[in-house]
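Architecture and fold: a report
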Amino acid sequence: MSRRLHGGVWLGLPRRLALFCACVAAALWAAEPKKAVDRSKPVRLETLYEIVSKGGEVFGRVLQSSRITLDPAFRREAFSRTLFQFSDGNRVAVYSHLDAHQSPAVLRWLLVDVKRSEYLLLAAEFPFTEEQGWAGLEKASGQQKTFVSFDTPRLRIHREEEQTFGATNLPEVFQKAEPEFVEWIQGLRRRLGAPRGESGWAQVRDRIDTVAGLLKLPDVPPSDFDLKLVRRALAPDVPEAPAASMDPEFEGAFGKWVSWGELPRLGK
Amino acid sequence: MGTIFRKFRPWAGRILTVCFVFLAFPAGGFAEDCYGWDTTTACEAQASTLGSCLGCCQMVYDCRVFSGRCGIYCREIALTEFDACQGDCMAAFG
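Residues numbered from 1 in each chain as written. Chains lettered and ligands numbered in written order. Predicted model: local features only at pLDDT ≥ 70, side-chain atom pairs only at ≥ 80, totals over all residues. Heavy atoms only, no water.

Turning next to the state of the cysteines. Residues and elements named next belong to chain B. Tallying each qualifying case throughout the model produces five disulfides over all chains. Across a sulfur-sulfur distance of 2.1 Å, Cys34 and Cys63 are joined as a disulfide pair. Judged by the sign of its S-S torsion, about 95 degrees, the cystine formed by Cys34 and Cys63 is right-handed. Here the residue Cys34 occupies a position in strand E1 (residues 33-34), and Cys63 occupies one in helix H4 (residues 50-65), the gap between them amounting to 29 residues. Relative accessible area serves as the criterion here: at 1%, Cys34 is assigned to the buried category. Judged by its relative accessible area of 21%, Cys63 is partly exposed. With its sulfur 2.0 Å from that of its partner, Cys53 forms a disulfide with Cys89. Across the S-S bond linking Cys53 and Cys89, the dihedral sits near -75 degrees, which makes this disulfide left-handed. (Disulfide = S-S within 2.5 Å. Helix = DSSP H or I, 4+ residues; strand = E, 2+ residues; numbered from the N terminus. Buried < 20%, exposed > 50% of the residue type's maximum accessible area, 1.4 Å probe, protein only.)

In this section: the packing of aromatic side chains. All names here are of chain A. The full count for this structure, using the stated rule, is eleven aromatic pairs over all chains. When the centroid spacing of 4.1 Å and the interplanar angle of 10 degrees are considered together, the rings of Phe59 and Phe225 count as stacked. A residue pair is termed long-range when its members are at least 10 positions apart, and Phe59 in strand E2 (residues 58-69) and Phe225 in the loop between helix H6 (201-214) and strand E9 (226-236) qualify at 166 residues. Taken together, a centroid distance of 5.9 Å and an interplanar angle of 50 degrees make the contact between Phe79 and Tyr95 tilted. (Phe/Tyr/Trp six-rings, centres within 6.5 Å; stacked < 30°, edge-to-face > 60°.)

Attention now goes to the environment of Arg191(A). Along the chain, the position of Arg191(A) falls in helix H5 (residues 179-192). Aside from chain neighbours lying at most four places away, what touches Arg191(A) is Phe59(A), Phe86(A), Asp88(A), Asn90(A) and Phe225(A). (Contact = heavy atoms within 4.5 Å.)

It is worth spelling out the side chain of His97(A) at this point. Residue and element names in this part refer to chain A. Within the fold, His97 resides in strand E4 (residues 91-99). Since its relative accessible area comes to 7%, His97 is described here as buried. Side-chain polar atoms of His97 contact the side chain of Glu77, separated by 2.7 Å. Dropping the residues within four chain positions of it, His97 is found in contact with Glu77, Ala78, Phe79, Val106, Leu107, Arg108, Gly261 and Leu263. (Polar contact = N/O pair within 3.5 Å; in protein donor to acceptor, adjacent residues only side chain to side chain.)

Residues and elements named next belong to chain A. Taken as a whole, this structure holds 21 salt bridges over all chains when the rule is applied. One salt bridge connects Arg191 with Asp88, and the closest N-O pair in it is separated by 2.2 Å. You can see Arg191 sitting in helix H5 and its partner Asp88 sitting in the loop between strand E3 (77-86) and E4, a full 103 residues away along the chain. A relative accessible area of 42% places Asp88 in the partly exposed class. Two residues, Glu118 and Arg154, come together in a salt bridge whose shortest N-O distance is 2.7 Å. Of this pair, Glu118 sits in strand E6 (residues 118-126) while Arg154 sits in the loop between strand E7 (146-151) and strand E8 (156-157), placing them 36 residues apart in sequence. A relative accessible area of 12% places Glu118 in the buried class. Connected through salt bridges with shared partners, the residues Arg44, Glu46, Arg81 and Glu251 form a single ionic network. (Salt bridge = Lys/Arg side-chain N within 4 Å of Asp/Glu carboxyl O.)

Counting 51 residues, the largest nonpolar core has Ile51(A), Phe84(A), Leu120(A) and Leu137(A) as the members making the most contacts within it. Apart from residues no more than four positions distant in its own chain, Ile51(A) is found in contact with Glu57(A), Val58(A), Phe59(A), Gly60(A), Val62(A), Phe84(A), Phe86(A), Leu192(A), Trp201(A), Phe225(A), Asp226(A) and Leu227(A). Listed in part, the 17 residues of the second largest apolar core include Cys43(B), Ala78(B), Phe82(B) and Cys89(B). (Core = buried A, V, L, I, M, F, W, Y, C linked by side-chain atoms within 4.5 Å.)

The next point concerns H6(A). Residues and elements named next belong to chain A. Here H6 spans 20 Å end to end across 14 residues, near enough to the 20 Å set by a 1.5 Å rise per residue. The principal kink in H6, of about 25 degrees, is found at Arg207. Judged by how many residues are buried, H6 sits mostly within the fold: 13 of 14 residues are covered. Lys216 sits one or two residues past H6 and shows a positive phi near 60 degrees. (Expected span 1.5 Å × (residues − 1). Bend = angle between axes of the 7 residues up to and from the residue.)

For helix H4 (residues 170-177) of chain A, the complete set of buried residues consists of Leu170(A), Pro171(A), Val173(A) and Phe174(A). Taken around the axis of H4(A), the buried residues stretch over an arc of 160 degrees, which confines them to a single face. (Arc of directions from axis to C-beta.)

Let's shift gears to the confidence of the model for chain A. For chain A, mean pLDDT is 83; residues scoring 70 or higher make up 78% of the total. Predicted confidence for residues 1-5 of chain A stays below pLDDT 50, and this span has zero contacts to residues more than four positions away or in other chains. (pLDDT = per-residue confidence, 0-100.)

What follows is the structure in structure tokens.
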């Protein structure tokens, strides 16, 4: 009895040792500091949402992605992409790219109706000095606003035309020339509703609202929908080690209208 | 001397209150309050969880954009800073 107990203790020892080692390893793994994100290099920030009605019905999904340098002292550009997949099969891509590598800083927005391959590219630029850096960009953007261009598959209004039409008339010119596109943007805005300053919606909807503001389109009523977080991810995104896409299948449904770090190529 | 004290005695409370206000707040000025969040301090330094940190980013963005001081281009810049704020939160609490 005593020998058996003795033998049991000795036989059990390796197992206990193994268990002890496993516990120590688990504790060390848990205590290991997370890989610090280099704030001076770009990161890929992605969030996947479901758009749900008040009754809980899923109305669509949104993949919001940004490529940004967290430290403003090292930030020279910001890229954002919002991909909408609605339950009726419609897909919308919204891009923005702010490039402040040199003066003037160039800010571009691209709205794409993926199903019809219709797009609207807007670009604006504002001069700033290198010393002002990213922090000075806001001030610079408020001082001088120049509409540089509108582009659709049929319409192109650039700086030269601005003198012909007059800068203040450009939204009117656009509205008259592209009534279907204006209706599409307004339909999209009505679908999503006006911003209410609630969580998540800002990134997802505010850029569409900005474009509508530049085109001087009328306001729409607030939204009845909410965003439900599905998952989010953050990863370093540098040329030597690009971050992987959070949902390649979701992106794949957008075909040629998917791009990362820069706007997709326009035209055929 | 006693006359001077008697003359200022009715004002003493008010003078002390003003002195307290000046001494109680830092010389750098008042922190800009946004629903309880300080817009001049990074959200990850004020929050204790990922959820509260992301909430702070949203509130700071809302305060900036819906205050009426942020124009159409400023809004885009505010959105990029909103992104960066969320990235900082995820790096700190993720």
